[in-house]
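This is what each chain is made of:
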Amino acid sequence: QYAFRTISSRSRVQTRSARLKNLIRSGIPSEYRGHLWGMFVGAAERLAREPGEYRRTLETQARLGGAWVNEVTKDVDRTHTRHRLYASSRGRDKLKRILLALGWKRPDIGYCQAINFVASVLLVTMRDEELAFWFLVSMLEHLIPPHYYTSGMEGLIIDLGVFRELIRTKLPRLDAHFQQHNIEVFQFATEWFLCLFVNTLPFETTMRVWDLLYFHGSKVLFRCGLAILKIREEYILSLDTFEKLIMCLQNVGQELYDCDTFVSVMHEKSWIGSFPSSKVEALRSEQRDKLEKARE
């Protein structure tokens, strides 16, 4: 607690030392989480640079509407309905305004299903509507690869290709099992990556993954997906039909409540090996080339 309090007292992180990395891996206490996430991606600085921009965007653009406004309204009404914040119209209205403002600020995205779940977690964590909006903007600008949520979803397609390759090299038995039963990665992992594991893992486990995501960047998404499969590997291998496998893979992370064990598995070198960002970017480049060739 003292270490996190000391770090949180600073305006920015000067160096990402091994000690700080180990602290983040141990989990950021909830009272410091928002502040540290903001330091890692510059969300608070963005808010300070553009004071009032969120409200101005809402006021100026509200009368213009957008093709996706009705879709936002429908999705907000079915987002985390069991959470007390979204059980009230006040909470749902906050989430709706965040999503509409994002669509107006980022017309290349407009609205994409899945962003509602990411935004809903940010609003719960930040407890402030405007700050949650800037965290969402900062995530899209600094953490998530380009074109994840645009109409062609090129960034997502590339990352699913990278994930498929990592399963082949890190979890070869599962890869062979998936091939035997005609399981494609996109059939189960699209929601994992689009929602940043919000609907895949229990809430606190997701928060621990997001601690790492904010600190290390998007390569954490691959570690997380691989860890889910590693933990459940033997059970998945025991399933012998396409239908059983798909049903399992759609719900495979929901009981992974032990955050410490999950994070430990994410970093076990005995099976996952080294995971430098340079390697991930090289794999992305390979998948991008394949995608471009397929479109020729």
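I will try to describe carefully the structure that is included in this document. (Residues numbered from 1 in each chain as written. Predicted model: local features only at pLDDT ≥ 70, side-chain atom pairs only at ≥ 80, totals over all residues. Heavy atoms only, no water.)

**A word on the overall build of the protein chain**
Step number 1: When its secondary structure is counted, the protein chain shows 19 helices and zero strands.
Step number 2: Relative to its length of 296 residues, the protein chain is compact, with a C-alpha radius of gyration of 19 Å against a globular reference of 19 Å.
Step number 3: Residues classed as buried in the protein chain amount to 52% of the 296 residues present.
Step number 4: Put simply, of all contacts in the protein chain between residues at least 6 apart along the chain, 78% involve residues at least 24 apart.
Step number 5: Working note: accessible area of the protein chain is about 14500 Å², and carbon and sulfur atoms make up 48% of it.
Step number 6: In the protein chain, 42 positive and 35 negative side-chain charges are present, and the distance between their average locations comes to 5 Å. (Helix = DSSP H or I, 4+ residues; strand = E, 2+ residues; numbered from the N terminus. Rg over C-alpha atoms; globule rule 2.2 N^0.38 Å. Buried < 20%, exposed > 50% of the residue type's maximum accessible area, 1.4 Å probe, protein only. Contact = heavy atoms within 4.5 Å. Areas by Shrake-Rupley, 256 points an atom, 1.4 Å probe, with all protein chains shown as cover. Lys, Arg positive; Asp, Glu negative; His and termini not counted. Charge placed at Lys NZ, Arg CZ, Asp CG, Glu CD.)

**What about the nonpolar core?**
Step number 1: Counting 101 residues, the largest nonpolar core has L122, Y149, F163, F188, F193, W210 and L229 as its most contacted members.
Step number 2: The element that contributes the greatest number of residues to this core is helix α9 (residues 129-143), accounting for nine residues.
Step number 3: Setting aside its immediate chain neighbours within four residues, F188 contacts F163, I167, F178, I183, L229 and L249. (Core = buried A, V, L, I, M, F, W, Y, C linked by side-chain atoms within 4.5 Å.)

**Remarks on the packing of helix α3 (residues 30-41) against helix α13 (residues 203-216)**
Step number 1: Two elements in contact, α3 and α13, have axes separated by 9 Å at closest approach and are oriented at 30 degrees. As far as their axial angle goes, α13 and α3 are roughly parallel. Handedness of the α3/α13 crossing: left-handed. Across from R33, W37, F40 and V41 in α3, the residues of α13 making contact are E204, M207, R208, W210, D211, Y214 and F215.
Step number 2: Residues belonging to the contact of α3 with α13 are distributed by class as follows: seven nonpolar, no polar and four charged. (Axes fitted to C-alpha atoms, helices over the stretch in contact; angles between N-to-C directions. Parallel < 35°, antiparallel > 145°, perpendicular 65-115°, else oblique. Left-handed = near helix turned anticlockwise from the far one by under 90°. Nonpolar A, V, L, I, M, F, W, Y, C, P; charged D, E, K, R; others polar.)

**Some remarks on the state of the cysteines**
Step number 1: All told, the structure shown has zero disulfides when counted by the stated rule.
Step number 2: Cysteine C248 remains unbridged, with the sulfur of C224 as its closest cysteine sulfur at 15 Å.
Step number 3: Distance from the sulfur of C259, which forms no disulfide, to the nearest cysteine sulfur (C224) is 11 Å. (Disulfide = S-S within 2.5 Å.)

**Side note on unusual backbone geometry**
Step number 1: Backbone geometry places A114, a non-glycine residue, at a positive phi of 115 degrees.
Step number 2: Accessibility expressed as a relative area gives 5% for A114, which makes it buried.
Step number 3: The residue N182 is not glycine, and still its phi comes out positive at about 60 degrees.
Step number 4: With respect to the element layout, N182 can be found in the loop between α11 (172-180) and α12 (186-194).

**With respect to a negative patch on the surface**
Step number 1: On the surface, E286, D289, E292 and E296 cluster together to form a negatively charged patch.
Step number 2: Structurally, E286 is set in helix α19 (residues 277-295).
Step number 3: When its relative accessible area of 44% is taken as the criterion, E286 is described as partly exposed. (Patch = residues over 30% accessible without salt bridge, like charges linked within 9 Å, V, L, I, M, F, W, Y side chains within 5 Å. Salt bridge = Lys/Arg side-chain N within 4 Å of Asp/Glu carboxyl O.)

**Points about the environment of A176**
Step number 1: Assignment of secondary structure puts A176 in helix α11.
Step number 2: Residue classification places A176 among the partly exposed residues on the basis of a relative accessible area of 44%.
Step number 3: Sequence spacing of A176 and L237 is 61 residues, and the spatial spacing of their C-alpha atoms is 9.7 Å.

**Thoughts on the environment of I246**
Step number 1: Structurally, I246 can be placed in helix α16 (residues 242-251).
Step number 2: Look at I246 and you get buried, because its relative accessible area is 12%.
Step number 3: Apart from residues no more than four positions distant in its own chain, I246 is found in contact with I183 and Q187.

**Brief notes about the side chain of T79**
Step number 1: One can find T79 in the loop between α6 (69-76) and α7 (89-105).
Step number 2: Side chain to side chain, T79 and N116 meet in a polar contact 2.9 Å long.
Step number 3: Not counting residues within four places of it along the chain, the set of residues in contact with T79 comprises Y86, L95, N116, F117 and S120. (Polar contact = N/O pair within 3.5 Å; in protein donor to acceptor, adjacent residues only side chain to side chain.)

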